[in-house]
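Observations on chain architecture
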Number of protein chains: 2
Amino acid sequence: MEENLSKFFNYVNDNSQYLVSQLREAVAIPSVSADITKRPEVFRMAEWIKSRLTKLGADAKLVDPGTQELQGQTVQLPPIVLSRYGNDPQKKNVLVYCHYDVQPAVKSDGWETDPFDLVEKEDGRLVGRGASDDKGHLIGWLLTLEAFCKLGIELPINLLFCFEGMEESGSVGLGKVVADEANKWLKGVDYTIISDSSWNTKSKPTIGYGLRGNNYFSIDVSGPVADLHSGVFGGVVQEPMVVLSKLLASLVGVDGKINIPGIYDQVMELTEEEEKTYHKTSLTREDLENSLGGDYLMQKDVVQSLMHRGRYPSLTIHGVEGAFYDSGSKTVIPASVKGKFSIRSVPYMDPATIKKITVEYIEKEFRKLNSKCKLEVVTMRQGMWWYSSPNLRINVAVTKSMKRVYGTEPEYVRGGGSVPITMIFEEQLKSDVLLLPMGTYADGAHSTNEKLDKYNFIEGIKHFSALIHELSVL
Amino acid sequence: MEENLSKFFNYVNDNSQYLVSQLREAVAIPSVSADITKRPEVFRMAEWIKSRLTKLGADAKLVDPGTQELQGQTVQLPPIVLSRYGNDPQKKNVLVYCHYDVQPAVKSDGWETDPFDLVEKEDGRLVGRGASDDKGHLIGWLLTLEAFCKLGIELPINLLFCFEGMEESGSVGLGKVVADEANKWLKGVDYTIISDSSWNTKSKPTIGYGLRGNNYFSIDVSGPVADLHSGVFGGVVQEPMVVLSKLLASLVGVDGKINIPGIYDQVMELTEEEEKTYHKTSLTREDLENSLGGDYLMQKDVVQSLMHRGRYPSLTIHGVEGAFYDSGSKTVIPASVKGKFSIRSVPYMDPATIKKITVEYIEKEFRKLNSKCKLEVVTMRQGMWWYSSPNLRINVAVTKSMKRVYGTEPEYVRGGGSVPITMIFEEQLKSDVLLLPMGTYADGAHSTNEKLDKYNFIEGIKHFSALIHELSVL
């Protein structure tokens, strides 16, 4: 094992430019799942992955999850890529999940360079859409398998992949495919690695043992039959945008406190043991400020910030659909507007309760306004939170492999994001789940100038091989 | 005069399909001034107009108003088309203003048909972008001149045109050109007709003797250096969109009452004489409801609605720039957002005062929020209101010509929209100004499915000739 790992590590060190070039090739495919015009690129990405796997000698197939309604059209969902390398009953079956779709990105949003051309900066950043979320992970795993093959090292586990193309759009179709394949292609999975998270600090790896759920709502306020001229109808007609502004303003305070009555009632109580874990953090308030470009933090100390990221709910207002959104000064009265917001949920908040009290609150606030406009509160999607334990065997293994590669044990934290599919794998495959990060919180996932530090990419690949070894001897 | 008018009216009746076809040709040029990619089409429209004028034997020239900054680029402003037909010192010099640019339009906004393909519907609507605002007027004037030429009727006035291509984008450059040409091409103008307004009812023509000004503001709230993932930073970072929602909500009530202290202080007091004019209206509450597709009116009776359209200020929230605006459910925390709103002003509100009390109010509301985000209130543009008298000679003339063509005297009303250039012509040319409408309030200017009723187009052209005759004998 030691000898094999040395060989692997040397290979990675000697071939870093090649490894980066493979990530560049993947980033160049603009596989944006939310954009109907980019859907063919998502399919192209799936074919690209399957072809690489097949070349390495893995069994691979594309599973069709069916269709979806998108922007008024019925469109084909991108396939789930399923793959297996090795079928030895003496070995552990380890399933790795990544996603090959990315968030939308256009250069004019403020990117330094073309978002779909991965650029290596002097400071070590690999800048490009999906570099960190989630193509860095996915390509890292492909390159790990490739390195085993090239070096002639026998893989000490059976390595299964499940790569989806709809993660950034609600993972539509994944649940059904995993359920269908649980007793077929995915039968006998011992451990599931979800490779789609990030370190909590820049200097120390992190293992998430909790995730927040996401409950996404749209406040639809409609009035006149069509948009109006604000000169002709301003002062005469009740304006949906005025109503919406007041409803959005009623949701949450500038201090982050959610105004929906009962929203905090089901939140898990803080134990002394859990509280201690936050105090061990190597993250500083300065780290957070740096990633924000200034002090825009709601909390005075980093421990409180970590708790509000991981163990308390939050409410974000994302934007407004249907109103004027461009630069310039259009004199329109929008006829129908949709205010989008979401609530991140934590143990033990119940989705049905969240939906009920949220809709009731908005309807009550709306009645107070005494408006002639129509209101509909739409629950766009609800994803469950996830909670695990740092004492699981798979977590013990990763503690060892991380110590070997990064020279330090990971911090165990509860993450703020949502990976709804964590629940799917845990429940359908009855396997323990590991949330394995490659990049850091500062990578700008979903944002402009998303990056993955070259250090994290290269060491991340080494770590994948180290983890494979640790899992094989569990 | 009677004989010539009969000839003209018969020609118009006999050639209505030809006249509509000429409007269709103009609508087909998507001369959207707000969109940098459409700027060449605005220039094409100007060339198209000049070429038609020259063919009719008019003197015509394109005046270059210089450049502007648009969407980060320096671009050429569309030309002002100046034209003169006739130079007889015994005749009155009558100047007609129209604009040849249009509001943006894309079919997916909810148009029944391609917005740049004028379609004649069975119910008599001519549907297309600019049909009513303002290509119907402009083409109507060109066709009026053409008819005089074709019929060999001597024009009893000297007819001057001033057509601009930036009206929908703040008339940038027009003021300077009119000032430059006041003692040259536009020297000696007796009357100015601004042909860019609409009837207040469907059945009775309207003459506007007042217009509201427009004061357009942007509330710029900025926070973190880049957009963030709401999972990773929700609950941790202060969100600009939360701050903006509260500021927008603080501006105006659902009942239309503006919350800015002092905003009503300078509004002209209502006299008994003025109040009487509103009670004479033929507009009904039902008319207004029909154009809105339901009862979304703020006022209980139509007299109050007309007052709030014409003689009281209003505040409209147009939308938000920088936030998520698409369909779907993007989990972004927008880093910087701009809330757009505008205040329609009336006599005797002073622009400097409006700006001062508006900015002060928003800054005060912002301080109350105690946010770490940055605020800047930007005054994007301010256009002055306009106020005239129904007893002006030019208004007496149009009362006669309208009675002849439409069989009824016009209603004199104060309009809700803003035509900032009204002030420019009045002040620079020292001429009385007439606001002459062709279509109706229900045409959906600036909205989807903008239309001009064929009746209004055809009778409008007849009326142009009748007005020319009345002006010639003033």
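Residues numbered from 1 in each chain as written. Chains lettered and ligands numbered in written order. Predicted model: local features only at pLDDT ≥ 70, side-chain atom pairs only at ≥ 80, totals over all residues. Heavy atoms only, no water.

An unreviewed UniProt entry annotates chain A as Peptidase M20 dimerisation domain-containing protein originating from Smittium angustum.

**A closer look at the interface of chain B and chain A**
Worth spelling out the cut-off: The contact definition used throughout considers only heavy atoms, calling two residues in contact when any of these lie within 4.5 Å. Two parts placed together each lose some accessible area under a 1.4 Å probe, and the buried area is that loss summed for both. Each salt bridge in this description consists of a side-chain nitrogen of Lys or Arg and a carboxyl oxygen of Asp or Glu lying within 4 Å of one another. Whenever two N or O atoms come within 3.5 Å, that pair is a polar contact, provided that in protein one can donate a hydrogen and the other can accept it, and provided that, for residues adjacent in sequence, both atoms are side-chain atoms. Only DSSP runs of H or I covering at least 4 residues are called helices, and only runs of E covering at least 2 are called strands; the numbering of each starts at the N terminus. Polar here means any residue other than Ala, Val, Leu, Ile, Met, Phe, Trp, Tyr, Cys and Pro, which are nonpolar, and Asp, Glu, Lys and Arg, which are charged; Gly is therefore polar.
In this assembly, 85 residues from chain B lie in contact with 85 residues from chain A. Of all residues in chain B, the largest losses of buried area upon contact with chain A belong to V236, V254 and Y296 of chain B, amounting jointly to 11% of the total for that side. Summed over the shared surface of chain B and chain A, the result is two salt bridges. Here D295 of chain A and K372 of chain B are joined by a salt bridge, their closest N and O atoms 3.2 Å apart. If you look at where chain B meets chain A, you find 55 residue pairs in polar contact (both at pLDDT 80 or more). Top element by residues in the side of chain B that touches chain A is strand β13 (residues 314–321) of chain B. It accounts for eight residues. Counted by class, the side of chain B that touches chain A contains 35 nonpolar, 35 polar and 15 charged residues.

**Regarding the sheet that holds β13 of chain B**
The strands making up a sheet are joined through hydrogen bonds of the backbone, oriented either antiparallel or parallel. All names here are of chain B. To keep things clear, this is the line we draw: Only strands joined by at least two bridges in the DSSP assignment are considered to pair. Here the axes come from fitting lines to C-alpha atoms, over the contacting stretch only for helices, and the angles between their N-to-C directions go from 0 to 180 degrees.
What the four strands build is an open sheet, ordered β13-β15-β11-β16; its pairing is antiparallel. One side of each edge strand has no neighbouring strand; the edge strands of this open sheet are β13 and β16 (374–383). Each strand of the sheet is rotated relative to its neighbour by a mean of 20°, with strand direction disregarded. Pairing of β13 with strand β15 (residues 336–345), which is carried by seven bridges, proceeds in the antiparallel orientation. Among the inter-strand pairings, E321 is bridged to a residue of β15, identified as K338.

**Notes on the packing of helix α4 (residues 131–151) of chain B against helix α14 (residues 454–472) of chain B**
Residues and elements named next belong to chain B. Our working definition: Oblique is the label for every angle not falling under 35 degrees (roughly parallel), over 145 degrees (roughly antiparallel), or within 65 to 115 degrees (roughly perpendicular). Two helices that cross are described as forming a left-handed crossing if the nearer one is turned anticlockwise from the farther one by less than a right angle, and a right-handed crossing if clockwise.
Contact geometry for α4 and α14: axes closest at 9 Å, N-to-C directions at 60°. Classified by the interaxial angle, the pair formed by α4 and α14 is oblique. Viewed along their axes, α4 and α14 form a crossing whose handedness is right-handed. The segment α4 lies against α14, with G136, H137, I139, G140, W141, L143, T144 and F148 engaging F457, I461, F464, S465, I468 and H469. Grouping the amino acids of the contact of α4 with α14 by side-chain chemistry returns eight nonpolar, six polar and no charged.

**Some words on the sheet that holds strand β6 (residues 119–120) of chain B**
All names here are of chain B. Read from one edge of the open sheet, three strands run β6-β7-β20, paired in antiparallel fashion. On the outer flanks of this sheet lie β6 and β20 (451–453), each paired with one strand and no other. Across three bridges, strand β7 (residues 125–127) lies against β20 in antiparallel orientation. Across the sheet, residue L126 finds its bridge partner in β20, namely L452. Each of β6, β7 and β20 is contacted by α14, which is oriented at about 65° to β20, the strand it contacts most.

**Comments concerning the relation of the copies chain B and chain A**
Basically, it comes down to this: Least-squares superposition of the copies uses the C-alpha atoms of those residues scoring a pLDDT of at least 70 in each of them.
Of the two same-sequence chains, chain B is brought onto chain A (RMSD 0.1 Å, axial shift 0.0 Å) by a rotation of 180°. Both chain copies can therefore be described as sitting about a two-fold axis. Nearest to the rotation axis, the C-alpha of S245 of chain B is located 2.7 Å from it, this being the minimum over chain B.

**A few points about the UniProt feature "domain: Peptidase M20 dimerisation" (unreviewed entry) in chain A**
Under the convention used in this document: UniProt positions are given in the numbering used here, feature names are shortened, and annotations may be inferred rather than shown by experiment.
Following the UniProt record, the feature "domain: Peptidase M20 dimerisation" (unreviewed entry) maps to residues 210–368 of chain A here. As a span, residues 210–368 of chain A carries 36% helix and 21% strand, and end to end its C-alpha atoms are 38 Å apart.

**Quick look at unusual backbone geometry**
Of all residues except glycine, most have a negative phi; of all peptide bonds, most are trans. Definition in use: Residue exposure (1.4 Å probe, protein chains only): buried if accessible area is under 20% of the type maximum, exposed if over 50%, otherwise partly exposed.
Going from D133 of chain B to D134 of chain B, the amide bond is cis rather than trans, its omega being 15°. Counting through the fold element by element, D134 of chain B comes out in helix α4. Of note, K430 of chain A is a non-glycine position whose phi angle comes to about 50°, a positive value. Note on placement: K430 of chain A falls in the loop between α13 (421–429) and β19 (432–440). Overall, the relative accessible area of 70% leaves K430 of chain A in the exposed class. Despite not being glycine, H446 of chain B has its phi angle at roughly 70°, a positive value. Among the secondary structure elements, H446 of chain B is positioned in the loop between β19 (432–440) and β20.

**What to know about the packing of helix α2 (residues 16–27) of chain A against helix α3 (residues 39–55) of chain A**
Residues and elements named next belong to chain A. For the pair α2 and α3, interaxial distance at closest approach is 11 Å and the crossing angle is 145°. Counted together, Y18, Q22, E25 and A26 of α2 and M45, W48 and R52 of α3 form the full contact between these two elements. For the contact of α2 with α3, the class distribution of residues is four nonpolar, one polar and two charged.

**Here we look at the environment of L248 of chain A**
Its location among the elements puts L248 of chain A in helix α7 (residues 240–249). In this structure, the C-alpha to C-alpha distance between L248 of chain A and F341 of chain A, residues 93 residues apart in sequence, is 8.3 Å.

**Some words on helix α9 (residues 285–292) of chain A**
Because each turn of an α-helix spans 3.6 residues, side chains separated by three or four positions in sequence point in the same direction. All names here are of chain A. For clarity, the cut-off: It is the directions from the helix axis to the C-beta atoms that the arc portrays.
When α9 is considered as a whole, its buried residues turn out to be L288, S291 and L292. Down the axis of α9, the sector holding all buried residues measures 100°, keeping them to one side. Away from the buried face of α9 by more than 90 degrees, exposed residues E286 and N290 are located.

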